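An overview of the molecular structure
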Amino acid sequence: MGVTKEQVESSLTSKLKPSHLEVIDTSGGCGASFAIEIVSEQFQGKRLLERHRVVNAALEDEMKQIHALSIKKAQTPEQWKQQQDAENPKPNA
């Protein structure tokens, strides 16, 4: 049996303490492929490649069974807030 979405979520939550985490099993249920959006303070001051390495390191055990990991977003809370504000502008009062 492959890795479950819950295992990926648990590992990332315990190691990176994200303020936002979305894990999607893109393998059709076999646990071999996942897409991830993650927001964590631990990305502060790191470039995108370094952030991806942090995520891969947090999933070290799971990566032995995962064939594809797509990190859609790896952002700091500030970047996430800016993006959310830009996507959902507040109406003028």
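The sections below set out a description of the structure shown in this document. (Residues numbered from 1 in each chain as written. Predicted model: local features only at pLDDT ≥ 70, side-chain atom pairs only at ≥ 80, totals over all residues. Heavy atoms only, no water.)

Remarks on helix α1 (residues 5–16)
Worth spelling out the cut-off: Runs of E in the DSSP output that reach at least two residues are strands. Runs of H or I that reach at least four are helices, and both are numbered from the N terminus. Under the convention used throughout, the expected extent of a helix is 1.5 Å for every residue step, that is, one less than its residue count. Burial classification: accessible surface area is computed with a 1.4 Å probe over protein chains only, and a residue below 20% of its type maximum counts as buried, one above 50% as exposed, and the rest as partly exposed. Working note: the arc is built from the helix axis to C-beta atom directions. Residue contacts follow a heavy-atom distance rule, with two residues in contact if any of their heavy atoms lie within 4.5 Å.
Relative to the 16 Å expected for 12 residues at 1.5 Å per residue, α1 spans 16 Å between its end C-alpha atoms, a close match to the ideal helical length. Those residues of α1 lying buried are Val8, Ser11, Leu12 and Leu16. Taken down its axis, α1 places every buried residue within 95° of arc, on the same side. Residues of α1 that are buried sit in contact with β1 (20–25), β2 (33–39) and α2 (48–58). One or two residues past the end of α1 sits lysine 17, with phi positive at roughly 45°.

A short note on the pattern of salt bridges
Inclusion rule: Within this document, salt bridges are pairs made up of a side-chain nitrogen of Lys or Arg and a carboxyl oxygen of Asp or Glu, the two lying within 4 Å of each other.
Enumeration according to the criterion identifies four salt bridges in this entry. In this structure, lysine 5 engages glutamate 9 in a salt bridge whose closest nitrogen and oxygen atoms are separated by 3.5 Å. Here lysine 5 pairs with glutamate 9, and both are found in helix α1, just four residues apart, close to one helical turn. Residue class for lysine 5 comes out partly exposed when judged on its relative accessible area of 32%. The closest approach of N and O atoms between aspartate 61 and lysine 64, which form a salt bridge, is 3.7 Å. Of the residues examined, lysine 64 reaches a relative accessible area of 66% and is grouped as exposed.

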